There are 2 protein chains.
Amino acid sequence: MLKEFPLGREVDRPSAESAVEAYREKLSAQQLQLKEKKLPVIILIEGWGAAGKGSLIGRLIRYLDPRFYNVCTRSVPSDEELRKPFLWHYFTKIPQNGKIVIFDSGWMEETVRSVESKELGKKKLTERLEGIRIFERQLVENGYLVVKLFLHISRDEQKKRLEELEEDKNTDWRVSKADWRQNDHYDKQLKRFDKYLEATNEPWAPWNIVDATNRKEAELAAFRIVTEAIDAALAQRPGSVPLPHPERFPVLRMPQLAKVSLDKTVRSEEDYRAQLKSAQKRLRQLHNVLYRKKIPLVIVYEGWDAAGKGGNIKRLAAALDPRGAEVHPIAAPESFELSRHYLWRFWTRLPKTGHVAIFDRSWYGRVMVERLEGLCSEADWKRAYYEMNEFERELVRWGAIVVKFWIHIDPNTQLERFTERQNTPEKQWKITAEDWRNREKWPEYEKAINEMLRKTSTEFAPWYIVESKDKRYARLKALNIVIRAIEDRIREDD
Amino acid sequence: MLKEFPLGREVDRPSAESAVEAYREKLSAQQLQLKEKKLPVIILIEGWGAAGKGSLIGRLIRYLDPRFYNVCTRSVPSDEELRKPFLWHYFTKIPQNGKIVIFDSGWMEETVRSVESKELGKKKLTERLEGIRIFERQLVENGYLVVKLFLHISRDEQKKRLEELEEDKNTDWRVSKADWRQNDHYDKQLKRFDKYLEATNEPWAPWNIVDATNRKEAELAAFRIVTEAIDAALAQRPGSVPLPHPERFPVLRMPQLAKVSLDKTVRSEEDYRAQLKSAQKRLRQLHNVLYRKKIPLVIVYEGWDAAGKGGNIKRLAAALDPRGAEVHPIAAPESFELSRHYLWRFWTRLPKTGHVAIFDRSWYGRVMVERLEGLCSEADWKRAYYEMNEFERELVRWGAIVVKFWIHIDPNTQLERFTERQNTPEKQWKITAEDWRNREKWPEYEKAINEMLRKTSTEFAPWYIVESKDKRYARLKALNIVIRAIEDRIREDD
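Residues numbered from 1 in each chain as written. Chains lettered and ligands numbered in written order. Predicted model: local features only at pLDDT ≥ 70, side-chain atom pairs only at ≥ 80, totals over all residues. Heavy atoms only, no water.

(A) Quick look at the interface of chain B and chain A. Opposite the 46 residues of chain B that make contact, chain A presents 46 residues. In this assembly, chain B packs against chain A so that about 4,300 Å² is buried in total across both faces, 57% of it on carbon and sulfur atoms. Broken down residue by residue, the surface that chain B buries against chain A is led by Pro-322, Arg-323 and Trp-429 of chain B, which jointly contribute 15%. At the junction of chain B and chain A, the tally comes to four salt bridges. Joining chain B to chain A, the criterion identifies twelve residue pairs in polar contact (both at pLDDT 80 or more). (Contact = heavy atoms within 4.5 Å. Buried area = accessible area lost by both parts, 1.4 Å probe. Salt bridge = Lys/Arg side-chain N within 4 Å of Asp/Glu carboxyl O. Polar contact = N/O pair within 3.5 Å; in protein donor to acceptor, adjacent residues only side chain to side chain.)

Spelled out as structure tokens, the structure:
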């Protein structure tokens, strides 16, 4: 895309100036429309070093109300950041509804840099690009506008600018070795850029190449692209963007919940204690191995109310080093969470490599409570099956072990436990009117859960049904599944 | 405190075991009381390397409900973290009401390490210790329980443990050079620990030295200390902790708002444009200097509704490099913010060194809207004056420039602007029923604001009253004040 792009056309400066002014006013007005229509906008500005990304952003935002936008810059990632999945840096920074986030270079720059440094081999690059296409598609499908600009300059122009920056002691730190390396190997870099641009130039998030030779002209082009894209998005009804049918993931066969036998029990209390002790001991050792090998572990707990999730998690968490494990109780989202992509609050809670995150309820709320309570549209929850599969595959490709538990009981057991909670003062806080209401919807939930288990139990992130009529049995089963999952993975690695 | 502490007493193991069990049940029950009483608890576990901090924490939380606690561990701080104020790492991690956060070593370890490495000279150490005492006092005064434990072992014991850890390949990475250095220079390190412990052993957050020679005994002691402290805090009425009268900060003389003349204007539109352009240009240059010298800049905007804060901020922000500047619009706190110390949401928004944070409204809401709308108690807002002075001094000691603007108009000007907003469709979103209600309370607000200006205009973080009847005059004035503040600081440094 870059090779054939003509650079350095002559421009008529005075008219550009007044055109920019008009666009600026337009963008100012659009802010309010974004707010009203709750449309979130992501603007990604990529380009050559010294192409003027920073100053272009400065111009774009000059008359924007600071309450409506944010600029995200990434310099060299910290060790902490490097221990998160690639997309974590970006997903965690997406805007709330009605707001604009401008990325001052981002997932393109980082990817091309990793290609250059040979950190990304061929297979990993393919996966990376696929992950990026999915990332952008998921954003657009969930109502985001994604505008991507690439600021293009020639080799000579870049050289001139780098030299200028270096002459002033207040700006010379802006010029890095990487910038000069880019200039020295301009043609190679252009090919890398081009490959990336072509691989990620999708109709729902197309690339816009901007000739950045003349600053005023680049500004004009950027304003035109951004304001037109916003206008188009404002005019569009949600879901009207034509999106490709996503990949179907091969899934594992799962039994219908009704057919799961719940008569499994532990032989005796002594037997339970002994097994629990030895399983916890084993898990404790394995956590050290995870640390050492920097393998992240993500565990999802879903299950019926009163199925014994809490106690099950406690036994598991107790065997982990608390310095490297965190339990995330997921309640109804707060307003700052609700106003973003529904996966955002899970991206923000991902563990570092070598650490464990246990989700006490999870993203699967989308296809259970949100579906049944009408908290999202039908299109939303239907789409969520593959979005969640994609999300989990991204985690697995990053290196994570993903284990998902459905803690299972039958309606009678639930009734017994509800009644016991109601009658035990120290346990009353555990039971609410909502629990009783949910209970009435058991059949609808069961149908939704069966569908969820059928559609999202992938080989890379399988569901395990954990029979929890005997809670002790369930605890041992969950512990042993986690142990096996880690052992399998370590064996592969060795 | 450590030197005279007897280590390695003999213990009667079987009774310890059952006592631990009883404490565990007690702590489990206390969780619910914490939840009910909305009491937040911070447990700081410090101690020698290999004293068993991690495994002690593992034992403390074994039967806690993961929804109620969190463990914070800090390894080597990232570059990003190092560019935040020292207390930022800890203040941003304090718990919500009703929850427990356990710090697996924290502000003590980091401070002593900096003493050891000679990063902290005498003066800086004094300031650091003062900052820590204030941090803990502010937490306690705002309803937090702070429990501090130091795990003590002898030199021989430490040596033995380090050797054991190194023998196993899954744990040998846990032993660092720093641990061995500690052991080699045990006596010196003991003196450093002791100095720290003595300097921060305050009645509102006293130290508990725990003999960690025997793990079971240490566990027992920790459970006893924690559960007793929680019991005491639950029994206490808020505000009943005896706290010292804090330091009075010397303040600058401020005029009464009523006496501020509002007739200042810019001569002409051309004059305004020319001055704006040159001031913005100057500020743009200075931002580069801030970057280079890694000086952080914090700007607070407060002012009457419709005083022109938004437009003023826009002109200032437009002159800054958006990659290093952020505007934080402060609205009513969301529930996850309300349930923490009121300064928490400002700590989380502090800039990195070399960056600029502009607060569009700020922590001063405490002594204006929160005071007048009864959103906090009288004791709360009265205490806030010195808490905010302390907060700002901490920022200045970190190296920040702090500038605070009161954007000022008179009631008639406000009425005109409200009416204009009401009558202009594009501006209607800017005016709400609440604005009209606030307007009725002008005299009360004026009284509160005068008190605020009088009590919190310190030499290190002065207030500037910006006359904004002529908004253009106000914009130039604010810009020039920021420019001067930066220039003064740079001159000092050079």
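(B) Region of interest: the environment of Pro-40 of chain B. Residues and elements named next belong to chain B. Locating Pro-40 in the fold gives a position in the loop between helix H1 (13–37) and strand E1 (41–47). In this structure the C-alpha to C-alpha distance between Pro-40 and Val-289, which are 249 residues apart in sequence, comes to 42 Å. Ignoring any residue separated from it by four or fewer positions in sequence, one finds Pro-40 in contact with Pro-95, Gln-96, Asn-97, Gly-98, Lys-99, Gly-143, Tyr-144 and Leu-145. (Helix = DSSP H or I, 4+ residues; strand = E, 2+ residues; numbered from the N terminus.)

(C) Focus on the packing of helix H16 (residues 378–398) of chain B against helix H19 (residues 442–456) of chain B. Residues and elements named next belong to chain B. The geometry of H16 relative to H19 is characterised by a closest axis approach of 10 Å and an angle of 40 degrees between their N-to-C directions. In this view, H16 runs oblique relative to H19, as classed from their interaxial angle. Seen from above, H16 lies across H19 with right-handed handedness. Mapping the contact onto sequence places Trp-381, Tyr-385, Asn-389 and Glu-392 in H16 and Glu-451, Met-452, Lys-455 and Thr-456 in H19. Of the residues contributing to the contact of H16 with H19, the split by class is three nonpolar, two polar and three charged. (Axes fitted to C-alpha atoms, helices over the stretch in contact; angles between N-to-C directions. Parallel < 35°, antiparallel > 145°, perpendicular 65-115°, else oblique. Left-handed = near helix turned anticlockwise from the far one by under 90°. Nonpolar A, V, L, I, M, F, W, Y, C, P; charged D, E, K, R; others polar.)

(D) View of the pattern of salt bridges. Scanning the model with the defined rule gives 87 salt bridges over all chains in all. Here Glu-219 of chain A ties to Arg-59 of chain A by a salt bridge, and the two come within 3.4 Å at their closest N and O atoms. Linking Glu-219 of chain A in helix H10 (residues 215–235) with Arg-59 of chain A in helix H2 (residues 53–61), this pair joins segments that are 160 residues apart in sequence. Since its relative accessible area comes to 0%, Glu-219 of chain A is described here as buried. For Arg-161 of chain B, the salt bridge goes to Glu-157 of chain B, with nearest N and O atoms at 2.9 Å. Within this pair, Arg-161 of chain B and its partner Glu-157 of chain B are both found in helix H7 (residues 155–167), separated by four residues, close to a single helical turn. Assigned by exposure class, Arg-161 of chain B and Glu-157 of chain B land together as buried. One network of salt bridges, with partners in common, ties together Lys-123, Lys-124, Glu-127, Glu-130, Arg-393 and Arg-397 of chain A. (Buried < 20%, exposed > 50% of the residue type's maximum accessible area, 1.4 Å probe, protein only.)

(E) How the structure looks around the confidence of the model for chain A. Taken as a whole, chain A shows an average pLDDT of 92; of its residues, 97% reach a score of 70 or greater. Complex prediction metrics read pTM 0.83 and ipTM 0.71. (pLDDT = per-residue confidence, 0-100.)

(F) Seen up close, the packing of helix H5 (residues 107–116) of chain A against helix H9 (residues 186–199) of chain A. All names here are of chain A. Here H5 crosses H9 at 130 degrees, and the two axes come no closer than 10 Å. Considering their axes alone, H5 and H9 lie oblique with respect to each other. Once H5 is placed against H9, the crossing between them reads as right-handed. Every residue of H9 that contacts H5 at Trp-107, Met-108, Thr-111, Val-112, Val-115 and Glu-116 is listed here: Gln-189, Arg-192, Phe-193, Tyr-196 and Leu-197. Residues belonging to the contact of H5 with H9 are distributed by class as follows: seven nonpolar, two polar and two charged.

(G) Local environment of the sheet that holds strand E8 (residues 356–360) of chain A. All names here are of chain A. What the five strands build is an open sheet, ordered E7-E8-E6-E9-E10; its pairing is parallel. What marks the edges here is a single partner per strand, and that holds for strand E7 (325–329) and strand E10 (463–467). Adjacent strand axes in the sheet meet at a mean angle of 20 degrees, parallel and antiparallel pairs treated alike. Contacts from helix H12 (residues 309–318) reach strand E6 (297–303), E7, E8, strand E9 (401–408) and E10 within the one sheet, and its direction differs from that of E6 by about 160 degrees. (Pairing = 2+ DSSP bridges.)

(H) Structural view of helix H11 (residues 269–293) of chain A. Residues and elements named next belong to chain A. Helix length check: H11, at 25 residues, gives a terminal C-alpha distance of 36 Å against a target of 36 Å (1.5 Å per residue), a fit within 8%. Taken together, the buried positions of H11 are occupied by Asp-271, Tyr-272, Leu-276, Ala-279, Gln-280, Leu-283, Leu-286, His-287, Asn-288, Val-289, Leu-290 and Tyr-291. Against E6, H12, E7, E8, E9 and helix H20 (471–493) lie the buried residues of H11. Looking at the residues trailing H11, positive phi occurs at Lys-294, about 55 degrees. (Expected span 1.5 Å × (residues − 1).)

(I) Structural view of the pairing of strand E4 (residues 145–152) of chain B. All names here are of chain B. Of all eight residues that make up E4, eight are buried, and the element is covered over most of its length. Residues of E4 alternate between two faces, with Leu-145, Val-147, Leu-149 and Leu-151 on one and Val-146, Lys-148, Phe-150 and His-152 on the opposite face, all of them buried. Pairing between E1 and E4: seven bridges, direction parallel. The residue of E4 that forms the bridge with Leu-44 is Lys-148. Inspection of the sheet shows E4 paired to strand E5 (residues 207–211) by five bridges, in the parallel sense. The residue bridging Leu-149 from the neighbouring strand is Asn-208, located in E5.

(J) A positive patch on the surface, seen in detail. All names here are of chain A. A surface patch of like charges, here positive, comprises Lys-3, Lys-118, Lys-188 and Lys-191. Considering the arrangement of structural elements, one finds Lys-191 in helix H9. Taking relative accessible area as the criterion, Lys-191 reaches 57% and is therefore assigned exposed. (Patch = residues over 30% accessible without salt bridge, like charges linked within 9 Å, V, L, I, M, F, W, Y side chains within 5 Å. Areas by Shrake-Rupley, 256 points an atom, 1.4 Å probe, with all protein chains shown as cover. Lys, Arg positive; Asp, Glu negative; His and termini not counted. Charge placed at Lys NZ, Arg CZ, Asp CG, Glu CD.)

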